[in-house]
Structures are given as structure tokens and as C-alpha cells.
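Examining the three-dimensional arrangement
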Amino acid sequence: MQATSISFKEQILEGIPNELPQPKPFDHSLNHAPKRKDILNDEEKKLALKNALRYFDKKHHATLLAEFKNELDTYGRIYMYRLRPDYKMYARPIEEYPAKSKQAAAIMLMIQNNLDYAVAQHPHELITYGGNGAVFSNWAQYRLTMKYLAEMTDEQTLVMYSGHPMGLFPSHKEAPRVVVTNGMMIPNYSKPDDWEKFNALGVTQYGQMTAGSYMYIGPQGIVHGTTITVLNGFRKIKKQPKGNLFVTSGLGGMSGAQPKAGNIAGCITVCAEVNPKITQVRLDQGWIDEKITDVNKLVTRVKKAKAEKETISIAYLGNVVDVWETFDKENIHIDLGSDQTSLHNPWAGGYYPAGLSFEDANTMMANQPDLFKEKVQESLRRQAKAINKHTAKGTYFFDYGNAFLLEASRAGADVMAENSTLGREFKYPSYVQDIMGPMCFDYGFGPFRWVCASGKPEDLAKTDEITCQVLEEIMQHSPEEIQQQMADNIQWIKGAQENKLVVGSQARILYADAEGRMKIAEAFNQAIKNNEIGPVVLGRDHHDVSGTDSPYRETSNIYDGSRFTADMAIHNVIGDSFRGATWVSIHNGGGVGWGEVINGGFGMVLDGTKEASTRLKRMLFWDVNNGIARRSWARNDEAIFAIKRAMQTEPNLKVTLPNIVDDDLLNSI
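Model, not experiment: these values are computed from the prediction.

1. Looking at the nonpolar core
In terms of nonpolar packing, the biggest core is built from 143 residues, with Phe56, Ile111, Tyr142, Tyr214, Leu538 and Leu606 touching the most fellow members. Of the residues forming this core, the biggest block, nine residues, is contributed by helix H4 (residues 102-115). Here tyrosine 142 is in contact with Ile12, Pro85, Tyr87, Met89, Ile111, Gln112, Leu115, Leu126 and Phe136, once residues within four sequence places are set aside. In terms of nonpolar packing, the next biggest core, distinct from the first, is built from 47 residues, Phe397, Leu405, Ala413 and Val415 among them.

Structure below.
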């Protein structure tokens with residue numbers, strides 16, 4: 001057994017150790033993944049063990065067999081807890097990583113940021129957010145990946161096969177350093193139980209969006225988009241946020257952004273969450289202002305906030321169904337309503353049913369999965385019924401892209417439209433249909449991200465300053481159609497520092513279009529060249545203009561019948577890979593469920609070189625306009641405007657435009 005302690009760099013270079021480290025005690029202070037249901041038969045369990053042991057020298061198999069069997073029996077997965085590193089998990093300054101390639105060092109930094117205890121939802125299970133959004137399936141994969149990255153040159157590419165590092169392959173400097181796939185199943189094997197089975201076997205994983213692509217930056221990653229959604233939601237109902245109420249649920253990974261976004265928008269936010277640990281984390285981080293555990297006290301507090309027109313975020317530690325039902329009885333008017341629990345993962349901890357304690361629900365989930373499913377569906381019917389009562393009183397409710405309406409419909413809830421049409425099946429819209437799609441994505445605005453690889457807060461402050469200057473210059477010649485988006489972005493970046501958005505790495509997010517992304521990135525690259533800041537990692541959320549085909553979220557405002565196709569996401573990742581991305585990723589599952597979406601992303605390292613300048617221009621232009629072109633072909637007016645404008649600025653861009661059919665002609669048939 002390994003006894004002597006070794007340095008951080010030595011542990012990275014060691015990979016899977018020749019001598020096993022001592023077993024580690026289970027840390028009950030952390031938030032852990034729920035036990036997964038027992039889905040493998042006896043022969044499949046043997047196969048899962050055989051698959052896990054192949055990472056280790058044969059001399060260790062006898063020792064590890066019983067240990068891994070116990071993990072599989074106890075947790076429903078083999079995490080290899082013994083292999084957890086001894087060093088603290090966080091994004092170190094890029095110089096601290098042992099690496100032959102600066103690009104590889106940046107990827108190591110981003111991987112560790114995804115697993116930072118302050119960032120990750122279930123860090124010991126390598127899950128970043130969403131209940132099942134994994135960076136890796138086990139700690140052997142993590143160790144081996146970090147070793148490969150440390151050894152990699154700029155003429156090699158690491159191939160990642162659903163968490164498993166397949167190996168380093170000869171490549172060239174302009175190729176991606178890493179190519180990531182997660183959960184790319186044959187279509188007929190992409191049902192929820194398929195994920196449970198094949199993930200338990202250790203042969204695939206759910207990468208979510210930015211978890212398995214190493215681009216998660218904590219809840220800030222969704223704060224900007226959530227802020228825009230809330231602001232535009234109030235604009236849609238022609239109300240000011242001040243003194244008005246937004247009710248939702250979920251305080252985990254992405255959903256944890258909601259109360260902070262509500263504060264930035266200026267409304268009263270009530271966000272329900274059943275998990276006491278994550279609720280306390282968000283309170284400690286300052287992402288919520290108050291925590292209330294009694295629904296009657298919540299009623300009193302909300303009435304006071306409304307009377308005094310406060311801007312405040314309140315976490316209710318309890319079930320959101322109780323909030324909807326109680327607020328109906330107490331006649332508390334909800335202006336905006338939504339839900340951001342992980343209903344893409346309804347049977348394994350993504351949604352907790354009303355009427356059960358958090359602990360009892362976890363026990364039932366593992367030991368009585370069929371009964372748990374019944375309870376979830378009963379709760380969804382209750383929640384939908386209560387929401388319908390509020391919307392009858394004037395509440396504007398929208399699906400937050402978490403598959404709430406989809407799962408509620410499958411549960412038999414009253415959520416279907418009276419006169420259903422292709423793309424408008426539900427009583428309530430997806431927030432992309434009515435807000436983010438026409439106001440942002442169709443114009444090319446989406447969640448551009450950057451991370452200061454130096455780890456210095458002053459570098460982040462400098463990038464904020466650079467960005468603001470670039471946006472103000474662009475806004476001077478921006479057309480009227482996007483003036484509001486530009487103004488919102490400038491307001492956001494000016495308030496970024498005071499809103500204390502950083503959790504983990506020194507990162508920022510900004511909803512920008514192709515022009516904004518390219519000009520901001522070029523300004524960063526020039527600042528790096530001038531030694532004003534250190535290297536910068538560019539990326540984006542997969543929840544963007546081009547990267548994701550998701551019929552109930554990102555592409556829900558596509559009405560030509562093509563929203564169930566995934567060509568755009570595949571085109572996007574292929575195009576990014578040969579236009580200069582440092583790493584690319586393509587996943588099944590995203591934020592709406594296994595088999596419900598294909599989504600892709602990228603990472604790009606800026607190092608101040610001429611080569612980086614060339615790469616950023618050719619890749620970022622494609623990364624955005626690929627999606628605008630698809631949206632324009634679907635006859636979306638805003639996208640037609642945007643792609644025509646893009647063709648005017650780039651002579652080499654030639655996009656097929658739709659001819660619009662007269663509805664009177666069609667109606668005459």
C-alpha cells in the first residue's frame with residue numbers, strides 16, 4: 001500500500017499508482033449522489049466489476065474486487081473512492097500544472113475547476129451538476145486523463161470516450177488537443193433506464209452540457225442567461241421587476257443561479273429546494289439572502305416584501321408544490337413562475353415528490369423505484385394543477401428547459417394545449433420559445449465564457465474592462481434590432497464585479513453575438529501579447545445558438561418540423577474541430593434528458609500569438625453563424641435579419657435563404 005506523501009505534480013504524473021493508496025473514509029459532510037437503483041443482473045454485475053478492474057495491474061484485482069463490489073451494491077456505481085487524490089481540488093494557476101503543452105495545462109485547470117468542492121454538486125462522485133452530469137465515471141479515469149494531459153505535446157490529441165481516456169494519438173498543432181464524446185448511444189438504446197444500465201456497467205456516462213466538456217464555471221455560468229430571462233419575462237408581461245414576484249425551484253448546479261439573477265433583475269424571488277446541504281451552500285455563498293423552513297412564515301415574509309417593494313431572494317427549504325398550493329390559498333399573486341429542478345433525471349434525484357422528506361425520498365428512490373416513480377408523477381400532477389390555478393389569475397408561467405412540461409405530460413398532468421400544433425403542444429411555452437429564442441439566439445446572442453488561467457482576480461477585472469470598452473464601441477454602430485441586447489450586456493459586465501459572481505475559477509460569462517465574441521477575444525489576445533494579462537480560456541455553454549439540438553429547449557422555437565433533428569449540433573462540433581478549437585465535445589442528454597437532446601461545446605486557449613488570433617476569428621464566426629443559418633432556414637424573422645447582416649460583413653459567407661409562402665395561398669387548398 002502507498003504510504004509516503006508525494007507532491008501535486010508527482011501525483012499528476014503518477015496517474016494510476018503502482019501501489020494502491022490507502023482506502024479513504026466516506027466523507028458525510030459533503031453532498032453525495034443518491035444511490036442509483038439496482039438495475040444490473042448478476043452476470044452484468046460481474047461484467048461491471050471486470051470493466052472496472054481493467055484499469056489496474058492484475059496484482060491488485062483480489063484487493064479491489066470486494067471493494068468495488070461493495071461500492072456497486074451500496075451506491076449502484078463503482079466510483080473507486082480509494083483513488084481520490086490527496087491534494088485539494090481547485091483550478092490552480094496554469095503554471096502550476098506539469099505539462100509539455102500550455103493548451104493541455106489549460107484543460108487540466110478546467111477539469112479541476114469542474115470538480116472543485118465549491119463548484120461541483122457531488123464532487124466525490126465526479127458529478128458537477130444536474131444530479132448526474134459527470135466529468136468522469138470513476139477516479140481511475142480522472143487520474144489517467146490528467147497523466148495523459150501532462151505528457152501530451154502539441155502534436156497529439158487525447159480521445160475521451162464517455163469519461164474513459166482512450167489514449168493519445170498522433171495529430172498536428174492545428175487539431176484539437178482533446179476530443180470528448182459522452183453518451184453517444186445508438187438511438188434505440190437511449191432511454192433513461194439505458195443510461196442507468198450502461199453507466200453502471202462503466203461504459204458510458206451522462207456529461208450534461210458543460211460538466212463532461214470541462215467548461216462549467218459554477219452557477220455564474222447560467223446567471224447571465226437567467227437574468228436576461230427574468231428581465232425579458234417581466235418586459236413580456238409589461239411589468240417592472242421591482243416589488244413583483246418570481247417563484248421557481250431548484251438550488252443545485254444551474255438552478256442555483258436563479259435567486260442571484262432575481263436580485264440582479266430587481267424582483268422578489270422565492271426558490272424552493274429540498275436538499276438542506278445545497279441550500280446552506282447557496283446561503284453561505286451569498287446566492288440567496290434568506291432561508292425559510294416554514295411555509296406559513298414564507299407567506300408572511302413575501303407579503304412584507306411585496307408591500308415594501310423589496311429586491312430579495314428567499315430560499316424555501318421544502319417542496320415547491322407546497323409553495324404553489326399555499327400561495328394559491330393565500331391569494332399571493334405570482335407574476336412570473338417556472339421550475340428548474342432536474343426533471344431530465346426524474347427518477348434518480350432530479351425531482352423530489354411532495355409529501356416525502358428528503359431522506360425518505362432518497363431511501364424510496366433506491367429501494368422502491370417503481371413506487372418512487374408513482375410519487376414523482378403524482379407530485380407533478382399536483383404541481384401542474386396548482387400552477388394552472390395561478391395562471392388563471394394572471395401568472396406568466398414558462399418551462400425553464402428542464403423537461404418539466406414533458407415529464408408532467410407523461411404523468412398525465414393538465415399541461416397540454418387545447419389546440420396543439422407542431423411546436424406548441426403544451427399549455428405553456430418553453431422560455432426559449434417566447435424569450436431567449438426570438439430575443440437572443442435568433443440574433444446570435446448566446447453564453448460566451450472566458451476563464452483567466454492565471455487565477456488572478458486582477459486579470460478578470462482587466463478582461464471585464466476590456467469587454468466593456470469593446471461592447472460600447474460595437475453598440476455605436478449596432479442596428480436598432482439589437483440595441484436592447486447590447487445595453488443589457490453592458491449593464492451586466494459593469495455590474496459583474498459588484499455582484500460577486502465568481503465561484504471557483506476566475507471566470508466570466510456574457511451573452512454576445514459573433515461580432516462581440518470575435519472582437520472581445522481578439523482584444524484579450526492582444527492584451528496577453530502585451531503582458532497585461534495571462535492566458536485566457538474561451539468557451540461557452542452548450543445552451544447556445546448553434547451547439548444544441550433540443551426540441552423542448554434550445555431549438556423549441558424552430559417550427560418547420562426539424563426541431564427533432566440533430567444535424568446542427570453535429571455540424572457545429574465538426575466545424576469547430578477543424579477551425580481551431582483547443583478541445584471539442586459532443587454529448588447526449590444535456591439538461592433535458594437522456595435521448596432528448598444532442599449538444600456540443602468547445603474550449604479555446606488564447607496565448608497572445610498570431611496563430612491564436614487566426615483561430616479565434618475563423619472558429620467563433622462559424623460557431624455562431626452555423627446556428628443562425630439553421631434558424632433562418634426555419635423562417636425565423638430575427639435569424640433571417642441576422643444572417644443577411646453576417647453575409648454583408650463576410651463575402652465568403654453564402655447562406656441559402658427561405659422563400660416565404662403566403663398563408664392565404666395555403667389556406668385556399
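2. Remarks on the packing of aromatic side chains
Applying the stated rule across the entire model yields 25 aromatic pairs. Aromatic pair tyrosine 79 and tyrosine 81: ring centres 5.5 Å apart, planes at 45 degrees, arrangement tilted. Ring centres of tyrosine 352 and phenylalanine 358 lie 4.9 Å apart, and the angle between their planes is 45 degrees; on these two criteria the pair is classed as tilted. Taking relative accessible area as the criterion, phenylalanine 358 reaches 19% and is therefore assigned buried. Put simply, the rings of Phe26, Tyr75, Tyr79 and Tyr81 pair up and form one aromatic cluster. One cation-aromatic arrangement involves lysine 88 over tyrosine 90; the distance from NZ or CZ to the ring centre is 5.7 Å.

3. Comments concerning unusual backbone geometry
If you check the backbone angles, glutamine 208 has positive phi at about 50 degrees while not being a glycine. When you line up the elements, glutamine 208 lands in the loop between helix H6 (192-200) and helix H7 (220-236). The exposure class of glutamine 208 is buried, given its relative accessible area of 2%. Unusually for a residue other than glycine, alanine 403 sits at a positive phi of about 70 degrees. For alanine 403, the position within the fold is in the loop between strand E11 (396-397) and helix H14 (404-410).

4. What about the pattern of salt bridges?
One pass over the full model with this rule turns up 45 salt bridges. Here aspartate 73 and lysine 69 are joined by a salt bridge, their closest N and O atoms 2.7 Å apart. In this pair, aspartate 73 and lysine 69 are both assigned in helix H3 (residues 61-75), four residues apart and thus about one turn of the helix distant. The partly exposed category is assigned to aspartate 73, whose relative accessible area is 34%. Among the ionic pairs, lysine 462 bridges to glutamate 532, the shortest N-O distance being 3.8 Å. Taken together, the residues span a long stretch of sequence, with lysine 462 in helix H16 (residues 457-475) and glutamate 532 in the loop between helix H18 (514-529) and strand E16 (536-540) at a distance of 70 residues. By relative accessible area, which is 25% here, lysine 462 ends up partly exposed. Residues joined in a network through salt bridges with shared partners are Glu290, Arg301, Lys304, Glu308 and Glu310.

Rules used throughout
Residues numbered from 1 in each chain as written. Predicted model: local features only at pLDDT ≥ 70, side-chain atom pairs only at ≥ 80, totals over all residues. Heavy atoms only, no water. Core = buried A, V, L, I, M, F, W, Y, C linked by side-chain atoms within 4.5 Å. Buried < 20%, exposed > 50% of the residue type's maximum accessible area, 1.4 Å probe, protein only. Helix = DSSP H or I, 4+ residues; strand = E, 2+ residues; numbered from the N terminus. Contact = heavy atoms within 4.5 Å. Phe/Tyr/Trp six-rings, centres within 6.5 Å; stacked < 30°, edge-to-face > 60°. Lys NZ or Arg CZ within 6 Å of the ring centre and 35° of its normal. Salt bridge = Lys/Arg side-chain N within 4 Å of Asp/Glu carboxyl O.

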